[in-house]
Amino acid sequence: MSKNIDLHIHSLYSDDGEFSSEEIIKIGKEEGMEIMALTDHNSVKGTGEMIESGKKTGIKIISGIEIDCVYKGINLHMLGYGIDYKRKEFLEIEKEIFEKEIAIAKIKIEKLKANTDLIIDEQKIFRIADGNIVTGEIIGEVVLEEEKNRNNPLLKEYFNNGMKSDMPFVHFYWDFFSQGKIAYIPIEFRSMTEIIKLIKESGGLAVLAHPGNNFKNCLEIVDDIIKEGIDGIEVFSTYHSLEQIEYFYNKAEKNNLLMTFGSDFHGKNKPQIKLKGYPVPEKYEDMREKLVKDFMEKLK
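Below, the structure is looked at part by part.

Reading the values: rules and limits
Residues numbered from 1 in each chain as written. Predicted model: local features only at pLDDT ≥ 70, side-chain atom pairs only at ≥ 80, totals over all residues. Heavy atoms only, no water. Buried < 20%, exposed > 50% of the residue type's maximum accessible area, 1.4 Å probe, protein only. Helix = DSSP H or I, 4+ residues; strand = E, 2+ residues; numbered from the N terminus. Pairing = 2+ DSSP bridges. Axes fitted to C-alpha atoms, helices over the stretch in contact; angles between N-to-C directions. Disulfide = S-S within 2.5 Å. Phe/Tyr/Trp six-rings, centres within 6.5 Å; stacked < 30°, edge-to-face > 60°. Patch = residues over 30% accessible without salt bridge, like charges linked within 9 Å, V, L, I, M, F, W, Y side chains within 5 Å. Areas by Shrake-Rupley, 256 points an atom, 1.4 Å probe, with all protein chains shown as cover. Salt bridge = Lys/Arg side-chain N within 4 Å of Asp/Glu carboxyl O. Lys, Arg positive; Asp, Glu negative; His and termini not counted. Charge placed at Lys NZ, Arg CZ, Asp CG, Glu CD. Arc of directions from axis to C-beta. Contact = heavy atoms within 4.5 Å. Parallel < 35°, antiparallel > 145°, perpendicular 65-115°, else oblique. Left-handed = near helix turned anticlockwise from the far one by under 90°. Nonpolar A, V, L, I, M, F, W, Y, C, P; charged D, E, K, R; others polar. Core = buried A, V, L, I, M, F, W, Y, C linked by side-chain atoms within 4.5 Å.

Among the 12 residues that make up strand β3 (residues 60-71), 10 are buried, leaving the element largely enclosed by the rest of the structure. As judged from the four bridges shared by strand β2 (residues 35-38) and β3, these two strands associate in the parallel manner. For methionine 36, the partnering residue across the bridge sits in β3 and is isoleucine 61. In terms of strand pairing, β3 meets strand β4 (residues 74-81) through eight bridges, oriented antiparallel. Note on β4: the bridge partner recorded for tyrosine 71 is isoleucine 74. Linking two consecutive strands that pair antiparallel, namely β3 and β4, is a turn of two residues; a positive phi of about 50° is found at lysine 72 within it.

Take the sheet that holds strand β1 (residues 5-9) next. On the basis of which strands lie adjacent, the open sheet formed by seven strands has the order β1-β2-β3-β4-β5-β6-β7 and mixed pairing. Both outer strands of the open sheet, β1 and β7 (258-262), are each paired with one neighbouring strand and no more. Mean inter-strand twist for the sheet, computed between neighbouring axes without regard to direction, equals 35°. Direction of pairing for strand β5 (residues 205-208) relative to strand β6 (residues 232-237): parallel, over a ladder of two bridges. Among the inter-strand pairings, valine 207 is bridged to a residue of β6, identified as glycine 232.

With that out of the way, let us pick up the state of the cysteines. Within the structure shown, the criterion is met by zero disulfides. Of all cysteine sulfurs, the one in cysteine 218 lies closest to cysteine 69, which takes part in no disulfide; the gap is 15 Å. According to the relative accessible area criterion, cysteine 218 is partly exposed, its value standing at 28%.

Below, the discussion takes up the packing of aromatic side chains. Given two aromatic rings, their pairing is described by the distance between the two centres and the angle made by the two planes. Enumeration according to the criterion identifies 10 aromatic pairs in this entry. On the numbers, 6.1 Å between centres and 45° between planes, the contact of phenylalanine 172 with phenylalanine 177 is tilted. Judged by relative accessible area, phenylalanine 172 falls into the buried class, the value being 0%. For phenylalanine 177, a relative accessible area of 5% gives the class buried.

Attention shifts here to a negative patch on the surface. A cluster of acidic residues, Glu18, Glu22, Glu23 and Glu49, forms a negative patch on the protein surface. The residue glutamate 23 is located in helix α1 (residues 21-30) in this model.

On to helix α7 (residues 192-201). Because an α-helix completes one turn every 3.6 residues, residues spaced three or four positions apart along the sequence face the same direction. The complete set of buried residues in α7 reads Met192, Ile195, Ile196, Leu198 and Ile199. Seen along its axis, α7 keeps its buried residues to an arc of 160°; they face one direction. Along its buried surface, α7 packs onto β3, β4, α3 (88-115), β5 and α9 (222-227). Among the residues trailing α7, glycine 203 stands out with phi positive, at a value near 85°.

The buried count for β6 comes to six of six residues, which makes it a mostly enclosed element. In terms of strand pairing, β6 meets β7 through four bridges, oriented parallel. Looking across to β7, one finds that phenylalanine 236 is bridged to phenylalanine 261.

Our focus in this paragraph is the packing of helix α4 (residues 122-129) against helix α5 (residues 136-145). Where α4 contacts α5, the two axes come as close as 9 Å, and the packing angle between them is 135°. Classified by the angle between their axes, α4 and α5 sit oblique to one another. The element α4 and its partner α5 pack so that their crossing is right-handed. Judged by residue contacts, Lys124, Ile125, Ile128 and Ala129 of α4 engage Ile138, Ile139, Val142 and Glu145 from α5. Grouping the constituent residues of the contact of α4 with α5 by class yields six nonpolar, no polar and two charged.

Our focus in this paragraph is the environment of glutamate 147. Looking at where glutamate 147 falls in the secondary structure, it is placed in the loop between α5 and α6 (168-176). Residue class for glutamate 147 comes out exposed when judged on its relative accessible area of 59%. Along the backbone, glutamate 147 and isoleucine 119 are 28 residues apart, and their C-alpha atoms lie at a distance of 9.2 Å.

What follows deals with the nonpolar core. Grouped together as the largest cluster of nonpolar side chains are 59 residues, with contacts concentrated most on Met78, Tyr81 and Phe236. Among all residues touching methionine 78, those that are not within four sequence positions of it are Ile65, Glu66, Ile67, Cys69, Met192, Ile195, Ile196, Ile199, Ala206, Val207, Leu208 and Ile230. Of all hydrophobic cores here, the second largest spans 21 residues; its members include Ala105, Phe159, Phe169 and Phe172.

Those residues of α4 not exposed but buried are Glu122, Ile125 and Ala129. For α4, the arc enclosing every buried residue in end-on projection is 60°, short of the 170-degree limit, so these residues lie on one face. Of the residues in α4, the exposed ones pointing more than 90 degrees away from the buried face are Gln123 and Arg127. Taken together, the buried residues of α4 touch α3 and α5. Taken from the residues just after α4, aspartate 130 is the one with a positive phi, measuring 50°.

Laid out in structure tokens, this is it:
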């Protein structure tokens, strides 16, 4: 069973992704990947071409998606694996979220202006977005490139090898636009329960994405989510500390859930994350083959 597996990858069909499906396959081939899943944000548009490109290079491609949803007031992401990606419901979700994001684009920028003294070139932001979703990463890119912002105390950690200089654009999104932050504008996503149901009805497996990144100090909410019928947890994530990995590993094992591996590769917005599969901590390395085998068998 392959150890070269990555089940969390984004292409340019994600609002914050960079590479085409063919480019991702090329990178995967160079890195010796054998199994990959394309899990674009709320989109399956790249899935067909990814599968075809994979066939040409001998890489097994698993159809997938990562859907924004909400549970008990908390925004989270649900991964769907082995889905029938041609179902119209997935296109409907993408259209629905796209329209909601477009509607709040200017409001997000205005809220950031109202709550900070940052210099913000709104025209440049919309020029880069080019009719697509105005992400927090795009806004961050423009703000951080503005010379007059370099000495702003709010951005201290983004420059000069600061703690947030490794992935500055995505850190900007997390710091200013994610749920609970000063420029956050809520969007009404579909309920997690509805999304789990859709994934299962499409023949797929519903896996909770990087819970440590979404739940922070309230990890115990995963107990309630498990009761909603998920098939697995993304235990091994580039965002998880060793303590979080152990926590979610134990939860998955206790509840007989699948444990998945994911890099969350995006490209330039997360330059520190490489498409090499997730390097499982040494403590779990001897279990890796079994975990991959369990996942692939359940996927059939």
